[in-house]
Amino acid sequence: EFRRVLFRSPVQAAAWGHPVTTGLATMDYFLSSALMEPANGDMHYCEKLVRLPGLSVCYQTLPAGDGAITRKDMGLRDDAVVYLCCQTHMKYRPQDDGLIAKIAAKVPRAQFLFIGAPNSPTTAVLVRRLTAAFAKEGVEAADRLVMSPFVPSSKFPAMLKLADVYLDSLSWSGGNTSLEAATAELPMVTMPGRFMRGRHTAAVLKILGLEEFIGADADAYVELAVRLGKNPRLRRSTRERMAAAKERLFNDLSGVRALEGFLEAAVRSGK
């Protein structure tokens, strides 16, 4: 019954929950974020691209959570500069492993916190890759690379507050996780990708007025991450700026109102 209703619909649209074109001739529109799309974004979709204002969504702040967690619980040293790398493993491309290793080589006290099931094949592959990349930079990965089991949602906000810097995954950046990191006032570094899916965190930083943490290229990404890691004063001032600006991310109805207008127009025109 669902399929009959779906294919009978005169107008169909997809959105960026899965941030890539459907490739379907039956899909009319792709609803996206004006802040995330590159100038040539229209050519990346089979659908007609609709750029909704801002992030295009009305985001609600992350609940505070009721779980406590310590660095020791996560296998982290108390004196470490903790870089949080908590995206799903498929977002970490082999060609970007060297960037993390370069940061490790330049910030001797750094630890890199990844999240993954201990017995998962993807965890084993990622650890092997990063260990090899660290070795090329003369860094022993054993004490620098921390792979934690999945954290319950009630403890996730507390885990964000343990970290010093959030390292965005490149080419497919954090979306909801980056918004949660902003809620926790966790300084973040990103580099915009070619496609919308690699530009979520950049959009968040633009709204926060923190564009200087959007690296223009791989070298700039590493440099920004190192600067934040080595400079506690910069991290404190960045947290203060995030605290003052983060309300801009919440309860923004501009995308909702634009979506309403789009839907009404699309239904009236039937295309």
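Keep in mind that this is a model prediction, so the values were computed, not measured.

(A) Here's a closer look at the overall build of the protein. In terms of regular secondary structure, the protein is built from 9 helices and 8 strands. A compact globule built from 271 residues should have a C-alpha radius of gyration of about 18 Å, and the protein, at 20 Å, falls within 12% of that. With the principal axes as the frame, the protein shows a C-alpha extent of 60 × 40 × 35 Å. Among the 271 residues that make up the protein, the fraction classed as buried is 50%. Contacts in the protein between residues at least 24 apart in sequence constitute 67% of all its contacts with a sequence separation of at least 6. Per element, the accessible surface of the protein, about 13400 Å² overall, is 56% carbon and sulfur. Charged side chains of the protein number 35 positive and 28 negative; the gap between the two group centres comes to 2 Å.

(B) Main features of the packing of helix 7 (residues 218-230) against helix 8 (residues 232-245). Packing of helix 7 against helix 8 leaves a shortest axis separation of 5 Å and a crossing angle of 100°. One finds that helix 7 runs roughly perpendicular with respect to helix 8. Residues Arg227, Leu228, Gly229 and Lys230 of helix 7 form the contact with helix 8, whose own contacting residues are Pro232, Leu234, Arg235 and Thr238.

(C) Quick peek at the packing of aromatic side chains. Applying the stated criterion across every chain, the model contains 6 aromatic pairs. Both rings, one in tyrosine 29 and one in phenylalanine 262, keep their centres 4.8 Å apart while their planes meet at 85°; by these two values the pair is edge-to-face. Of the two residues, tyrosine 29 sits in strand 2 (residues 29-33) while phenylalanine 262 sits in helix 9 (residues 254-269), which places them 233 residues apart along the sequence. Three or more aromatic residues link up through ring pairs in this structure, and these residues are Tyr83, Phe112 and Phe134.

(D) Geometry of the sheet that holds strand 1 (residues 13-15). Strand order in the open sheet formed by 3 strands is 1-2-3, and the pairing between neighbours is parallel. With partners counted over all chains shown, the strands left at the sheet margins are strand 1 and strand 3 (48-52), one partner each. Neighbouring strand axes in the sheet, compared pairwise and without regard to direction, differ in orientation by 30° on average. In this structure, strand 1 lies alongside strand 2, joined through 3 bridges in parallel fashion. Residue pairing across strands places alanine 13 opposite tyrosine 29, the latter belonging to strand 2.

(E) Inspection of the nonpolar core at higher detail. Ranked by internal contacts, the top residues of the largest apolar core, which has 80 residues, are Tyr83, Phe112 and Met159. Residues in contact with tyrosine 83, not counting those within four places in the same chain, are Ile103, Val107, Ala110, Gln111, Phe112, Leu113, Val165, Leu167, Ala225, Val226 and Gly229. If you look at the next biggest cluster of nonpolar residues, it comprises 6 residues, including Tyr29, Val50, Phe262 and Ala266.

(F) View of empty space enclosed by the protein. According to the stated counting rule, one finds 3 cavities of 30 Å³ or more in the structure shown. Roughly 100 Å³ of internal volume is contained in the largest cavity. The element best represented in the lining of the largest cavity is helix 2 (residues 97-106), accounting for 3 residues. Considering only residue class, the lining of the largest cavity consists of 7 nonpolar, 1 polar and 5 charged. Around the second largest cavity, the lining residues are Gly54, Leu55, Val57, Ile207, Arg248, Leu249 and Asp252.

(G) Quick look at the layout of surface pockets. In this model, the largest pocket occupies a volume close to 200 Å³. Lining the largest pocket are 15 residues, and of these Cys86, Gln87, Ile115, Gly116 and Phe150 lie nearest its centre. Sorting the residues of the lining of the largest pocket by element identifies helix 3 (121-136) and helix 4 (156-162) as the ones contributing at least two each. By residue class, the composition of the lining of the largest pocket is 7 nonpolar, 8 polar and no charged.

(H) Highlighting the sheet that holds strand 4 (residues 81-85). Spatially, 5 strands are ordered 6-5-4-7-8 in an open sheet, and the strand pairing comes out parallel. In this open sheet, the two strands that pair with only one neighbour each are strand 6 (145-148) and strand 8 (188-189). Sheet topology note: the strand 5 (residues 110-115)/strand 6 ladder contains 4 bridges and is parallel. Bridge pairing in strand 6 links phenylalanine 112 to leucine 145. Across the sheet, helix 2 touches strand 4, strand 5 and strand 7 (165-167), and the angle it forms with strand 5 is around 145°.

(I) Fine view of the pairing of strand 2. Extensive coverage of strand 2 is indicated by the burial of 5 of its 5 residues. The two faces of strand 2 match: Tyr29, Leu31 and Ser33 on one face and Phe30 and Ser32 on the other face are all buried.

Reading the values: rules and limits
Residues numbered from 1 in each chain as written. Predicted model: local features only at pLDDT ≥ 70, side-chain atom pairs only at ≥ 80, totals over all residues. Heavy atoms only, no water. Helix = DSSP H or I, 4+ residues; strand = E, 2+ residues; numbered from the N terminus. Rg over C-alpha atoms; globule rule 2.2 N^0.38 Å. Buried < 20%, exposed > 50% of the residue type's maximum accessible area, 1.4 Å probe, protein only. Contact = heavy atoms within 4.5 Å. Areas by Shrake-Rupley, 256 points an atom, 1.4 Å probe, with all protein chains shown as cover. Lys, Arg positive; Asp, Glu negative; His and termini not counted. Charge placed at Lys NZ, Arg CZ, Asp CG, Glu CD. Axes fitted to C-alpha atoms, helices over the stretch in contact; angles between N-to-C directions. Parallel < 35°, antiparallel > 145°, perpendicular 65-115°, else oblique. Phe/Tyr/Trp six-rings, centres within 6.5 Å; stacked < 30°, edge-to-face > 60°. Pairing = 2+ DSSP bridges. Core = buried A, V, L, I, M, F, W, Y, C linked by side-chain atoms within 4.5 Å. 1 Å grid on protein atoms, 1.4 Å probe; cavity = no way out; pocket = protein on both sides within 12 Å on 5 of 7 lines; lining within 4 Å. Points joined across faces, edges and corners; volume = space filled by probe spheres on them. Nonpolar A, V, L, I, M, F, W, Y, C, P; charged D, E, K, R; others polar.

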